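Chains, contacts and geometry: an overview
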Amino acid sequence: MYANNLFTLNNVPTLSVGGRFSAASAMPSSSQEIAETDRVFVTVVQFGRTVMEHSFTGFSSLQALISVVKNSLGHVSGLVSVNVRNSTRGWASRRTLRLNGPVMSMLATA
């Protein structure tokens, strides 16, 4: 492993122009294509424990799929690893997400 500087790994820039890291910018977008007929497997892991394991079809973008996964994990809060594998097109991707669980509010008493 060779790093020219703090923001380059194997001569691939890992820091976008806006200053925020984007794993998608380091990988070609053509490698993560999804069609509505593709079968996509999603596994969500938190603290080494599988929180969700499901297969999906009918999505035309990775962002739409991740959005549905986030909405279905309403009871989970904190950092999770989302492993997505498109068996039809033959690629896999891992993303780390921070989920905000349900907000508990306390009523003020006088």
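Residues numbered from 1 in each chain as written. Predicted model: local features only at pLDDT ≥ 70, side-chain atom pairs only at ≥ 80, totals over all residues. Heavy atoms only, no water.

Here the focus is the nonpolar core. Counting residues in hydrophobic clusters, the biggest one holds 19 residues, and the most contacted among them are Val 42, Val 44, Leu 65, Val 82 and Val 84. Put simply, the parts of the chain that give this core at least two residues each are strand S3 (40–46), strand S4 (49–56), helix H2 (62–72), strand S5 (78–86) and strand S6 (91–99). With four residues, the single largest contributor to this core is H2. When neighbours within four sequence positions are excluded, Leu 65 is seen to be in contact with Ile 34, Val 40, Val 42, Phe 56, Phe 59 and Val 84. (Core = buried A, V, L, I, M, F, W, Y, C linked by side-chain atoms within 4.5 Å. Buried < 20%, exposed > 50% of the residue type's maximum accessible area, 1.4 Å probe, protein only. Helix = DSSP H or I, 4+ residues; strand = E, 2+ residues; numbered from the N terminus. Contact = heavy atoms within 4.5 Å.)

Attention now goes to the environment of Val 42. With respect to the secondary-structure elements, Val 42 resides in strand S3. Along the chain, Val 42 and Ser 55 lie 13 residues apart, while their C-alpha atoms are 6.0 Å from each other. Other than its neighbours up to four places away in sequence, Val 42 contacts Met 52, Glu 53, His 54, Phe 56, Leu 65, Val 69, Val 82, Asn 83 and Val 84.

This is a description of form; function is not addressed.
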